[in-house]
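# Overview (structure and organization)
One letter stands for each residue in the lines below.
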Amino acid sequence: MNRYTLVFLGVLLLALPLSAQVAIIANKSAKIENLDQKKLADIYSLSLIKCDDGQKIVVFDMKTDSPSKDKFYTFIDKSSADLRKHWMRLQLTGEGKAPKALSSEDEMLKMVATTANAIGFVSTAKVDNSVVVLLTIN
């Protein structure tokens, strides 16, 4: 192999984690059907606050930037900063409360698995049978 091929393969390997899939996960109790980009954006904008069975949705977010968080926010066509401002306005007017921000994908998986009607996102590699996958973002 020549030097250029090795450099190309190295760059390709570095880019792989950036292209990982993201799973939108939910607690097994959550009745959220037909989830698509718009419905997910509405859930995270807190304009859709109830599951299909009328139960209140519990939304979780990530504190730190990561490839999965970036891909998630790109998919819902929102910026993290804009949503934080929106959540702050809702809190100040008493119309809503910002989602709890979690420190890691492991914490996200645990909190969604143990919180009724919860929704969140993790890289697909983190998903296990403690949650259900509602949607996968490529």
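Everything numeric here is computed off the predicted structure, so don't read it as measured data.

### Describing the nonpolar core
Core analysis: the biggest nonpolar cluster contains 35 residues, and Ile24, Leu40, Tyr44, Phe72, Met108, Ile119 and Phe121 have the highest contact counts within it. Elements with a contribution of two residues or more to this core: β1 (22-26), α2 (37-44), β2 (58-62), α3 (67-75), α4 (80-93), α5 (105-114), β4 (118-123) and β5 (132-137). Element by element, the count of residues in this core is highest for β1, at 5 residues. Those residues in contact with Tyr44 that lie beyond four places of it in its chain are Val59, Phe60, Phe72, Ile76, Leu83, Trp87, Ile119, Gly120 and Phe121.

### Remarks on the environment of Glu105
Examined against the element boundaries, Glu105 turns out to sit in helix α5. Of the residues examined, Glu105 reaches a relative accessible area of 14% and is grouped as buried. Separated by 22 residues in sequence, Glu105 and Val127 have C-alpha atoms that sit 9.5 Å apart. Contacts of Glu105, omitting those with residues within four sequence positions, involve Met62, Ser68, Val122, Ser123 and Lys126.

### A word on the packing of aromatic side chains
All told, the structure shown has 4 aromatic pairs when counted by the stated rule. Between Tyr44 and Phe72 the ring centres are 4.7 Å apart and the planes differ by 65°, which places this aromatic pair in the edge-to-face class. Within this pair, whereas Tyr44 is found in helix α2, its partner Phe72 is found in helix α3, the two being separated by 28 residues in sequence. Like Tyr44, the residue Phe72 is buried in the burial classification. Taken together, the ring pairs connect Tyr44, Phe72, Tyr73 and Phe121 into an aromatic cluster.

### Some remarks on the layout of surface pockets
Here the largest pocket is characterised by a volume of approximately 340 Å³. As for the largest pocket, its lining consists of 19 residues, and the residues nearest its centre are Leu46, Lys56, Ile57, Lys97 and Ala98. Of all the secondary-structure elements, those providing two or more residues to the lining of the largest pocket are β2 and α4. Ranked by residue count, the leading element in the lining of the largest pocket is β2, at 3 residues.

So, how was this worked out
Residues numbered from 1 in each chain as written. Predicted model: local features only at pLDDT ≥ 70, side-chain atom pairs only at ≥ 80, totals over all residues. Heavy atoms only, no water. Core = buried A, V, L, I, M, F, W, Y, C linked by side-chain atoms within 4.5 Å. Buried < 20%, exposed > 50% of the residue type's maximum accessible area, 1.4 Å probe, protein only. Helix = DSSP H or I, 4+ residues; strand = E, 2+ residues; numbered from the N terminus. Contact = heavy atoms within 4.5 Å. Phe/Tyr/Trp six-rings, centres within 6.5 Å; stacked < 30°, edge-to-face > 60°. 1 Å grid on protein atoms, 1.4 Å probe; cavity = no way out; pocket = protein on both sides within 12 Å on 5 of 7 lines; lining within 4 Å. Points joined across faces, edges and corners; volume = space filled by probe spheres on them.

Limitation: the analysis is restricted to geometry and does not speak to function.
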